[in-house]
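Fold and geometry: a report
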Amino acid sequence: MQRNGGMGGGGGQPWVFRRVRLTWLSFMLFFILVFFPLIAHYYLTTIDEAGGPDKRIFGPRPGGELCEAKHVQDLCRIRESVSEELLQLEAKRQELNGEIARLNLRIEACKRSIDSAKQDLLQLKNVISQTEHSYKELMAQNQPKLSLPVRLVPDKDDPGLPPPKSARACRLRSCFDYARCPMTSGFPVYVYDTGSYPWGENIDPLVKQAFAASVKSNIYVTDNPSIACLYVVLVGELQESPGSPQPPPSDLEKQLRQLPYWRSDGHNHLLVHLSRKSLTQNFLYNVSTSRAAVAQSTFLEGQYREGFDLVVSPLVHALSEPNFLEVPPQVPVKRKYLFTFQGEKVESLRSSLLEAPPQSFEEEIEGDPPADYDDRIIGTLKAVQDSHLDQVLVEFTCKNRPRPSLPTEWALCGEREERLEVLKVSTFSLVIAPGDGQLIASAGCSMRLFEALEVGAIPVVLGDHSKLPYHHLIRWSEAVIIVPKPRITELHFLLRSLSDNDLLAMRRQGRFLWETYFSTSETVFGTILASIRTSIQVPAAPIREEPAQEIPHKAGKLAGTDANMADNGDLDLGPVETEPPYASPRFLRNFTYTASDLYRTWNRPPGPFHLFPHTPFDPVLPSEAKFLGSGTGFRPIGGGSGGSGREFQAALGGNTPREQFTVVMLTYEREEVLMNSLERLNGLPYLNKVVVVWNSPKPPSDDLIWPDIGLPIVVVRTEKNSLNNRFLPWDAVETEAILSIDDDAHLRHDEIMFGFRVWREARDRIVGFPGRFHAWDVNHQSWLYNSNYSCELSMVLTGAAFFHKYYAYLYSYVMPQAIRDMVDEYINCEDIAMNFLVSHITRKPPIKVTSRWTFRCPGCPQALSHDDSHFHERHKCINFFVKVYGYMPLLYTQFRVDSVLFKTRLPHDKTKCFKFI
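Figured I'd write up the structure that's included with this text. Only a predicted model underlies this, so the values are computations on that prediction, with no experimental measurement involved.

1. Description of the state of the cysteines
- Inspection of every chain in the model, using the stated rule, returns four disulfides.
- Residue pairing for C398: its cysteine sulfur links by disulfide to C413, the two sulfurs lying 1.7 Å apart. Linking C398 and C413, the disulfide has an S-S dihedral of approximately -65° and is accordingly described as left-handed. Taken together, the residues span a long stretch of sequence, with C398 in the loop between strand 8 (393–395) and helix 8 (416–423) and C413 in the loop between strand 8 and helix 8 at a distance of 15 residues. For the pair formed by C398 and C413, the shared burial category is buried.

So this is what it looks like as structure tokens:
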């Protein structure tokens, strides 16, 4: 069994052995075939490199040793041929590489050149951009395009102010919180309801009612106290009744501190006391008002804080409007009495009423200094009256019981109507200041001043210590004569030495001050607010413009140019604008107006634009030109580089080298005439747009085709048929220059351009074509309107005239309403009214250009001026306007502006400049 088993185990061993041997043989064969050639190659190569070139075994041999064998000669030749070709290819490759290198160098040079050119181009672009930016900056400096500022309001949280050293030392800088009144705040004013504080029930009902009406109509009043800049409290005038006694100072102080927005010290509060009587309670005396300002008519010297408190005018016309037609005319200059005075002062009537001659000043000064000079004044005035050199009226005792007055103050005599009748025949009216030097302002003196200004008697204030209403803002020397009391002996000489021109100027200025600041409750309240706003240098709100309700219309084909209108010879009228119309710069003096024109704002006679909002175009009147260094009268914009000949024709130049004008054309149901007139405006240089005032209640025809003149034509719908619509300040008018023209007016383009150039040299005046004048009818003692040819003129018809848009605001919002009512009643005289207004403001006549006296429209329907009643109505208008203004404001002129070379043809290389004669 063992043998068998052993045999079985030994029988499998040869198979395994054979398998292992095959594997080993395969491995050895793989090693020999793979690794042995590699080892041999490495070894032979190493030996060949180590032996040097002369001992190489497998490398090329010099002398063609291998070629000795004939069986390899062919291979050698092939090798040599291939080597030669390889050498040639290598040479060509090197040559191509060199060419590529040279081309790469050229490419790099071109790239550097391109980069340099790009840098030069970028620099040029930067230079152009900088030049354009500099140009825009220059244009922005000279003609900035401004708009209304964003309105800022004060913070709700009031940080408060540091306590002042003394309430008596309050000034705006120390007691007024400017942080609540940013310059762009719009000056919001909050007015306390009189029922919200205890003493409000005791205020005079007429004063409360008039004050409430004024507050309701004022544009600065707000209902939001948290944003208010100023808080107004009406504290008087109190009623005089036994049942309502005046509150003691301690109670009044406590009630003031209880006001909801008093904030512990009353800063930015204004306590207003309006007086209706000559004897006014000064119940705020001995009352600590802290940082609150006081506005009233009566002040003691120790009570008044200069530059902080306000001396205001009395409230005479509480609820009634003054009748301007009952105001006496300003001419004749000299009236019946040289001066008048009526008053009584019992405590000062001592020996002065006796016939004994008065004591000299030297004799009085040698003794005790007099408390006042009232006795001396009485004696001197009585001596003038007794001399009969001039007719004067002085009465120092009242016929009836005098009006109540303050101590040492001259009481008023008689009723108001009686006093006015005397003042109407007085050239001067004496206003004697109180004898007590501590009483620097009193309601009685303010009442005398008010009545004198109302009827045109020039006030003469005796006493230079008196504070007149708003004395820190109004230049009273232009309307009032202020004489120290020691100069009473020289008063008669002074009054007689004034010329008629000076008297008329002072009377006219006094009328302006009365109408603007004192005549009604609205003007009194508006003046109080305006004085505060002006003092803190907050600009007025912008004035309201008339929104133009445009009538949709469709334009037809491009309008042609009338041959008669375009026949200008070889005269180049200027470039036809290729860019869109541009407006005149607006709001240029939005903030500097208040600061730079303080006195001029409050004293000039164009209208109360410190009370009403200011216009977007703020012109400077001729009287102000000396302050601005401009001889043109209106603000200079930009600057011209000058020029002559063709340069003068191709550009406007001058102080405003870039400017356009707007045509405002009034029409009424004459569509064919209107279309013809619009077509004639095609190609007119410097035209911004055309505003057609559609004065008819019927809209234009649906099939009416309007001409396309290349500029906007705005057709405005009006509320009613009124000739006053011609002068409404439409918001569509965006230029300062307005050419008012009738729909039937025929003017050539060269005439219009010449008129525009002349207006630019006299921007404050009416510049037009047809001239008219006024004349005095000796037989009927009235004024006449005359349209005959004459060497003099005083009016230029606005049917073809340039004027500043500023006058549109004055005509529509400031000029007395009675004049506009007269225009509507007669459907006539609007051009006369505009001439009256501009002459009244500037004291200059209009300017007529060219010799044209009429502009007839051949074939046009009959106009209003062809009616027989036309001239009769214009006679009535002139006399009515004179009555409203109180004098004749129109001025004659013999000046006419023509171009010497207007139609003269000269070679193109010669100078063609307009010369004015």
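So that's the structure; there's more coming.
2. Describing the pairing of strand 15 (residues 661–667)
- Within strand 15, seven of the seven residues are buried, leaving the element largely enclosed by the surrounding structure.
- Burial along strand 15 is two-sided: F661, V663, M665 and T667 and T662, V664 and L666, pointing in opposite directions, are all buried.
- The sheet contact formed by strand 15 and strand 16 (residues 687–694) spans seven bridges and is parallel. Its bridge partner lying in strand 16, T667 is registered against W694.
- Handedness of the crossover joining strand 15 and strand 16 through helix 18 (residues 671–679) is recorded here as right-handed.
- Examined bridge by bridge, strand 15 and strand 19 (residues 737–742) share six bridges and lie parallel to one another.

3. Some points on the environment of T893
- One can find T893 in the loop between helix 23 (869–885) and strand 26 (896–897).
- Measuring from C-alpha to C-alpha, the distance between T893 and M795 comes to 9.3 Å, with 98 residues separating the pair along the chain.
- If near-sequence neighbours (up to four positions away) are discounted, T893 is found in contact with C791, E792, L793, P845 and P846.
- From its side chain, T893 meets the backbone nitrogen of F895 in a polar contact 3.1 Å long.

4. Focus on the sheet that holds strand 18 (residues 713–717)
- Spatial strand order, 13-18-16-15-19-24-20-25-26: nine strands in an open sheet with mixed pairing. The open sheet has two edge strands with one neighbour each: strand 13 (549–550) and strand 26.
- Judged from the two bridges that link them, strand 20 (residues 767–768) and strand 25 (residues 847–849) form a sheet pairing that is parallel. Directly across from V767, in strand 25, lies its bridge partner I847.
- Taken strand by strand, helix 19 (residues 749–761) contacts strand 15, strand 19, strand 20, strand 24 (800–804), strand 25 and strand 26, and its axis lies near 30° from that of strand 24.

5. As for the sheet that holds strand 12 (residues 481–483)
- The parallel open sheet is built from five strands, whose spatial order is 8-7-9-11-12. Each having just a single partner strand, strand 8 and strand 12 make up the two edges of the open sheet. For this sheet, the mean inter-axis angle between neighbouring strands, taken without regard to orientation, is 20°.
- Relative to strand 9 (residues 426–432), strand 7 (residues 337–342) runs parallel, the two sharing three bridges. If you follow T340 over to strand 9, its bridge partner there is S429.

6. Focus on the pattern of salt bridges
- Using the criterion set out here, one finds 38 salt bridges in the structure.
- A salt bridge links R544 to E546, with the shortest nitrogen-to-oxygen separation between them at 2.9 Å.
- One salt bridge connects E659 with R760, and the closest N-O pair in it is separated by 2.7 Å. One end of the pair, E659, is in the loop between helix 17 (646–650) and strand 15; the other, R760, is in helix 19, with 101 residues separating them in the sequence.
- E659 gets classed as buried once you look at its relative accessible area, which sits at 3%.
- You can call R760 buried: its relative accessible area is 9%.

The rules behind each value
Residues numbered from 1 in each chain as written. Predicted model: local features only at pLDDT ≥ 70, side-chain atom pairs only at ≥ 80, totals over all residues. Heavy atoms only, no water. Disulfide = S-S within 2.5 Å. Helix = DSSP H or I, 4+ residues; strand = E, 2+ residues; numbered from the N terminus. Buried < 20%, exposed > 50% of the residue type's maximum accessible area, 1.4 Å probe, protein only. Pairing = 2+ DSSP bridges. Right-handed = clockwise from strand over helix to strand, strands pointing away. Contact = heavy atoms within 4.5 Å. Polar contact = N/O pair within 3.5 Å; in protein donor to acceptor, adjacent residues only side chain to side chain. Axes fitted to C-alpha atoms, helices over the stretch in contact; angles between N-to-C directions. Salt bridge = Lys/Arg side-chain N within 4 Å of Asp/Glu carboxyl O.

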